[in-house]
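Topology and contacts: notes
The primary structure of each chain is shown beneath.
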Amino acid sequence: MNQTKVKDLVEEALALNETLFLIDLSISANNKIQITVDGDNGVPLSECIRISRNVENSLDREEEDFSLEVSTPDISHPLKDKRQYVKNINRILKVKTAEEEIEGTLVEADKDKIVLNWKAREPKPIGKGKVTVTKTATIDYKDIKEAKVKIVF
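Scoring rules and cut-offs
- Residues numbered from 1 in each chain as written.
- Predicted model: local features only at pLDDT ≥ 70, side-chain atom pairs only at ≥ 80, totals over all residues.
- Heavy atoms only, no water.
- 1 Å grid on protein atoms, 1.4 Å probe; cavity = no way out; pocket = protein on both sides within 12 Å on 5 of 7 lines; lining within 4 Å.
- Points joined across faces, edges and corners; volume = space filled by probe spheres on them.
- Nonpolar A, V, L, I, M, F, W, Y, C, P; charged D, E, K, R; others polar.
- Helix = DSSP H or I, 4+ residues; strand = E, 2+ residues; numbered from the N terminus.
- Buried < 20%, exposed > 50% of the residue type's maximum accessible area, 1.4 Å probe, protein only.
- Pairing = 2+ DSSP bridges.
- Axes fitted to C-alpha atoms, helices over the stretch in contact; angles between N-to-C directions.
- Contact = heavy atoms within 4.5 Å.

Its volume calculated, the largest pocket comes out at about 230 Å³. Lining the largest pocket we find 15 residues, and of these Asp24, Thr36, Pro73, His77 and Lys80 sit closest to its centre. Residue composition of the lining of the largest pocket, grouped by class: four nonpolar, seven polar and four charged. A volume near 190 Å³ is recorded for the second largest pocket.

This is how it looks when you write it as structure tokens:
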């Protein structure tokens, strides 16, 4: 199966709805095509069906047999695309870098970096006891090893 051809077909389908974007495309040795798409405002089932039909109708099963799956990202999987960060502003993220692991509310995401805020208890500067302070971390995308949305019930 030609991955470039499949990717072109997916991009063609995504071009009809600019709020959607490709997260992952894989083709296994036994021609199982797995496409993961996300959207700035979520992805309705009808869009997954439309993308699936666009790809399926353009490939010839007589030439090469295949299976096709179009899905949205699982909440337990790490964020992969910068647009996913923008979509998740005001949600709690758990971000791993080479040096540390930070859990905080995503308050900003631009083309180069993200900004997280969280509250921490620290010793008072003078006297005994602790005080709650707001901490902020600015992290470049290139420094992020893994970022996941924390599920809060």
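Read on for the rest.
What follows is about unusual backbone geometry. The phi dihedral of Asn31 is positive, around 65 degrees, even though this residue is not glycine. Along the polypeptide, Asn31 turns up in the loop between strand 1 (20-27) and strand 2 (32-39). With a phi angle near 75 degrees, Asn90 is a residue other than glycine that sits in the positive phi range. Secondary-structure assignment places Asn90 in the loop between helix 3 (82-87) and strand 4 (92-97). Relative accessible area serves as the criterion here: at 62%, Asn90 is assigned to the exposed category.

Glancing now at the sheet that holds strand 1. If you walk across this open sheet you meet the three strands as 1-2-3, and the pairing is mixed. Each having just a single partner strand, strand 1 and strand 3 (67-71) make up the two edges of the open sheet. Sheet twist, expressed as the average angle between the axes of neighbouring strands with direction ignored, equals 15 degrees. Of the strand pairs in this sheet, strand 1 and strand 2 are connected by seven bridges, and their pairing is antiparallel. The residue of strand 2 that forms the bridge with Ile27 is Ile33. Together, strand 1 and strand 2 form the strand contacts of helix 1 (residues 3-14), whose direction differs from that of strand 1 by roughly 160 degrees.

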